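Each chain is listed here by its residues.
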There are 2 protein chains.
Amino acid sequence: MKQLKYTSEQLRQQFEDYLENKAFEGFPEVLLQPTKHILQIKGKRIRPMLLLTACQAFGGDVQNAMGPAATVEVFHNFSLVHDDIIDEADIRRGQPTVHKVFGTYKAILAGDAMLIHTYNLLQKAPAEKLPELLPVYNKVAMQVIDGEQHDVDFEDLPEVTAEEYMKMIEYKTSVLLAASLHLGSIIGNSSREDQQLIYDFGLKLGLAFQIKDDYLDSFGDAATFGKRIGGDILMNKKTYLLVTALSIAGDKDRQAIFDLFEEKDEEKKIASMLALFEKLGVRQKTYARMEELYKEAMRSLNALSIVEIARQPLLDLANSIYHRSF
Amino acid sequence: MKQLKYTSEQLRQQFEDYLENKAFEGFPEVLLQPTKHILQIKGKRIRPMLLLTACQAFGGDVQNAMGPAATVEVFHNFSLVHDDIIDEADIRRGQPTVHKVFGTYKAILAGDAMLIHTYNLLQKAPAEKLPELLPVYNKVAMQVIDGEQHDVDFEDLPEVTAEEYMKMIEYKTSVLLAASLHLGSIIGNSSREDQQLIYDFGLKLGLAFQIKDDYLDSFGDAATFGKRIGGDILMNKKTYLLVTALSIAGDKDRQAIFDLFEEKDEEKKIASMLALFEKLGVRQKTYARMEELYKEAMRSLNALSIVEIARQPLLDLANSIYHRSF
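Residues numbered from 1 in each chain as written. Chains lettered and ligands numbered in written order. Predicted model: local features only at pLDDT ≥ 70, side-chain atom pairs only at ≥ 80, totals over all residues.

## A short note on the overall build of chain A
Piece 1. Per the secondary structure count, chain A includes 16 helices and two strands.
Piece 2. In chain A, which comprises 326 residues, the share counted as buried stands at 48%. (Helix = DSSP H or I, 4+ residues; strand = E, 2+ residues; numbered from the N terminus. Buried ≥ 20, exposed ≤ 12 C-beta atoms within 10 Å, placed from the backbone.)

The structure is reproduced here in C-alpha cells:
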C-alpha cells in the first residue's frame, strides 16, 4: 500500500454527507427536528472518525462502515440529550440544549428514537458482520449508561475511591472511543489480536484524555484551556486530583480538604486547594499517570499489524484528542 | 401433531422463570432495582405469550424464543417507564411508578438501559435468525416511540382526524402485538405468507382492542369495566368516539361538543356527551367498527397454514385480549 484511499479530511467530508443526506431515512418526522438540533452542534465527529480510520487502516472498505460510524455518533448524541436533561444543562457548546428548545418530554422521546435508530444504522454494515458487531456495540452502550448513573450517584457520595473514579470515567468516556475503533477494525477484517490492541489503544487514550481534562481545570493555562481555572474545585467536583488527594492525605489534610468544601471565598478556596494538591504531590502524580496512560496507548497503537502509512492517521487522531486540538 | 409440546400455562411459567432468573444477567447493578420494580407490576405478559405461542404454532422450539419474548416484554416496560414520566403518572396498576419511587433521572437511565438490553435479549435467538429479527424489531420499536410522540402532540391539538387517530393507536399499541407474533413466527420457521397473516391478525386485534377500550369507557358496565364510566369524556380525551363524532357532526352539534369541553358539571357533561354520541350514531358506528376489526383479525388467524390444535391457543389469547379477561 503506497497510500491510503482516503485522507482524513475526505473521510470526514464523506461522513458529514452521509449524516446529512442518508443517515436519517425513515426516522420519525415528528422527532427529526430535535435530533438534527443536537447533531448540528458539531464536535469534530471524533468517534465516527476513529471508526472509519480503523476500518481503512486494516484495508476495509469505508463505505461498509458509514452506517456504523453514524451509529456511534448518533449514540453519543443520544447520550448527550438524556444527560443534559439529567444534569439540568441549558447550554452545550454555546447553543441551547434539546430539552431547553423542545421541552423535556420531546427530548426524552427523541433520545429514545435516536437510540433505536443506532441499531438501524449498525445494520447497514455487511450482514455477515452483524453477529460480531452487535455484542460489541450493545456492551459499550450499556457501559455508557452505567457510567452515567455512577456519575450521578457520585455527586451524592461524600467520597469515592480512586478505583471507583477510574471505572466511572472508563465507562462514561473511554469505552465508546475504544469500541468505535473496535467496530471499525471488525468491518476492516482485522485479526482478533489487533482488535484487542486497538480497543486498548482507545481505552487508554480516553482515560489519559479524561485525567488531562481534570488536570487542566486546575493547572492549565486559562487562555489555552478556554475555561476558568479552578471551576471543578469551586464545585467540589470529584476529579482525579481530588480522589487522589483524599487517598494519600493524612487525617489533618483530609480535614483541611473537607473544610475547603465549605469555603465561601472563591479565590481563597481555589488557591488553598491548589496548594494542598501541590503539597501532597497530587499535581505530579496526576501528570505522571496521564502521561503513562498515553504511552500505554501508543504502545498498543505501535503493536498493531498495519503498515506505517495506516498508523499515521490513528496517531494524528490520538494527538488531536490528547492535545485537545478540537 | 397430536398435541402441542407446552400448554399456555407452561409457557407462561417458563417465561416467568426466564425473566426472573436469566433475563437480566449482565444488567447494570445500579439500575436493576427500578427495572425489577416495573417488571414485577405484572400484567399477563401478553406480548411474550403471543411471541412464544406463535413460535410453537409453527413447530418452533420455544427455548430459542425465550430471549426475544423477554425483548418484547422489556421493551413494553421500558416504554411504560418513559411514558409515565411524560404523562406525569404517579400510579400504575395500583403501584407507584418508577420515577415516583426512584426519581426521574434514574427512571430515564433505567429506561435507556432496558432499551439497550432488549437487543442483548434478541441476540439469544439462533444467530442465523438475527438478520431477519432485527429489522422487524427495530421497526416496531421506532413506531411505538413515534406513536407516543403523536399521542403527546394530540393533546395540544384542537382536533384530530379519524385517520390520524387510527394511525396513533396503531403505532402506540397494535404494532407491538403484531410484531410479537411476527417475531415468534420467524423463530418458528414460518413462511413469508404466514408471517404477513399473523402480523395482520395481531394488528387488527390490537386496533379492535383499543377501540373497545374507548367504547367501554363511555358505554361499558362500570362494575365489569373497573373504572368510572365517562372518565375520557371528563378529560376531553381524543377517543375513537370523539373523533368519529366530530367527523360526522354538523356545525350545530360540533359547537355543542366544543361547548361541552368547557362544562363544569361532571354529571351533566357525561350525560350530554353520551346523548350526543347516541344521537349521531357514534355508539353503533364504534361498536360495528371494533367488531369488524375483530372479524378481520379472525380471518387472518384462520388463514394461517397451521394445524387446528395450534390455532386454538392463539384464539384463546385473542379472546383474552379482546374480552379483557386479564
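## Remarks on the environment of Phe 78 of chain A
Piece 1. By the element assignment, Phe 78 of chain A lies in helix 4 (residues 66-86).
Piece 2. Sequence-wise, Phe 78 of chain A and Thr 35 of chain A are 43 residues apart; in three dimensions their C-alpha atoms are separated by 8.3 Å.

## Comments concerning helix 1 (residues 8-21) of chain B
All names here are of chain B.
Piece 1. Taking 1.5 Å as the rise per residue, helix 1 with 14 residues should run 20 Å; its terminal C-alpha atoms sit 20 Å apart, in good agreement.
Piece 2. Buried within helix 1 are the following residues: Leu 11, Phe 15 and Leu 19. With its buried residues spanning 65° around the axis, helix 1 presents them on a single face. Along helix 1, the residues that are exposed and aim more than 90 degrees away from the buried face are Glu 9, Gln 13, Asp 17, Glu 20 and Asn 21.
Piece 3. Contact partners of the buried residues in helix 1: helix 2 (32-40), helix 3 (46-57) and helix 4 (66-86). (Expected span 1.5 Å × (residues − 1). Arc of directions from axis to C-beta. Contact = placed C-beta atoms within 7 Å.)

## With respect to unusual backbone geometry
Piece 1. The residue Arg 93 of chain A is not glycine, and still its phi comes out positive at about 50°.
Piece 2. One can find Arg 93 of chain A in the loop between strand 1 (91-92) and strand 2 (95-96).
Piece 3. Phi angles above zero are rare outside glycine, and Asn 236 of chain B is one such case at about 55°.
Piece 4. Along the chain, Asn 236 of chain B falls in the loop between helix 11 (231-234) and helix 12 (240-248).

## Some remarks on the interface of chain B and chain A
Often the size quoted for an interface is simply the accessible area lost on bringing the parts together.
Piece 1. Contact residues are listed per partner, giving 31 residues for chain B and 31 residues for chain A.
Piece 2. Residue assignment for the side of chain B that touches chain A shows that the elements contributing at least two residues are helix 4, helix 6 (104-122) and helix 7 (130-156) of chain B.
Piece 3. For the side of chain B that touches chain A, the element with the most residues is helix 7 of chain B, which contributes 14 residues.
Piece 4. Each residue belonging to the side of chain B that touches chain A can be placed in one class, and the counts come to 21 nonpolar, six polar and four charged. (Nonpolar A, V, L, I, M, F, W, Y, C, P; charged D, E, K, R; others polar.)

## As for the relation of the copies chain B and chain A
Piece 1. The transformation that overlays chain B on chain A combines an axial shift of 0.0 Å with a rotation of 180°, and the residual RMSD is 0.0 Å. What the superposition gives is, in effect, a two-fold axis relating one chain to the other.
Piece 2. When the interface residues of chain B are mapped onto chain A, 100% of them are again interface residues, pointing to one common binding face. (Least-squares fit on C-alpha atoms with pLDDT ≥ 70 in both.)

## Points about the packing of helix 9 (residues 192-219) of chain B against helix 16 (residues 308-322) of chain B
Residues and elements named next belong to chain B.
Piece 1. Contact pair helix 9 / helix 16: the axes reach a minimum separation of 9 Å and the direction vectors enclose 20°. One finds that helix 9 runs roughly parallel with respect to helix 16. Contacts between helix 9 and helix 16 involve Leu 205, Ala 208, Phe 209 and Lys 212 on the former and, on the latter, Ala 318, Ile 321 and Tyr 322.
Piece 2. Split by residue class, the contact of helix 9 with helix 16 holds six nonpolar, no polar and one charged. (Axes fitted to C-alpha atoms, helices over the stretch in contact; angles between N-to-C directions. Parallel < 35°, antiparallel > 145°, perpendicular 65-115°, else oblique.)

## Observations regarding the confidence of the model for chain A
All names here are of chain A.
Piece 1. Looking at chain A as a whole, the pLDDT averages 94, with 97% of positions reaching at least 70.
Piece 2. No element of chain A has a lower mean pLDDT than helix 10 (residues 222-225), which averages 65, and none a higher one than helix 3 (residues 46-57), which averages 98.
Piece 3. With pTM at 0.93, the complex prediction returns an ipTM value of 0.92. (pLDDT = per-residue confidence, 0-100.)

## Considering the nonpolar core
Piece 1. Core analysis: the biggest nonpolar cluster contains 198 residues, and Leu 51 of chain A together with Leu 51 of chain B have the highest contact counts within it.
Piece 2. Apart from residues lying up to four places away in sequence, Leu 51 of chain B is in contact with Ala 65, Pro 68, Ala 69, Val 72, Ser 180, Leu 181, Leu 183 and Gly 184 of chain B. (Core = buried A, V, L, I, M, F, W, Y, C linked by C-beta atoms within 7 Å.)

## Let's talk about the environment of Pro 28 of chain B
Piece 1. Relative to the assigned elements, Pro 28 of chain B resides in the loop between helix 1 and helix 2.
Piece 2. When the C-alpha atoms of Pro 28 of chain B and Ala 110 of chain B are compared, they prove to be 9.2 Å apart, with 82 residues separating the residues in sequence.
Piece 3. Sequence-distant contacts of Pro 28 of chain B, defined by excluding residues within four places in its chain, comprise Met 142, Ile 145, Asp 146 and Gln 149 of chain A together with Ala 113 of chain B.

## With respect to the environment of Met 273 of chain B
Residue and element names in this part refer to chain B.
Piece 1. Topologically, Met 273 is positioned in helix 14 (residues 266-279).
Piece 2. The spacing of Met 273 and Thr 239 is 34 residues in sequence and 13 Å in space, taken between C-alpha atoms.
Piece 3. Residues within four places of Met 273 in sequence aside, it is in contact with Ile 233 and Leu 260.

## Let's talk about the packing of helix 4 of chain B against helix 8 (residues 162-187) of chain B
Residue and element names in this part refer to chain B.
Piece 1. Here helix 4 crosses helix 8 at 165°, and the two axes come no closer than 10 Å. By the criterion of interaxial angle, the relationship of helix 4 to helix 8 is roughly antiparallel. As helix 4 runs across helix 8, the sense of the crossing is right-handed. In contact with Pro 68, Val 72 and His 76 of helix 4, helix 8 contributes Leu 176, Ser 180, Leu 183 and Ile 187.
Piece 2. Per-class residue counts for the contact of helix 4 with helix 8 are five nonpolar, two polar and no charged. (Left-handed = near helix turned anticlockwise from the far one by under 90°.)

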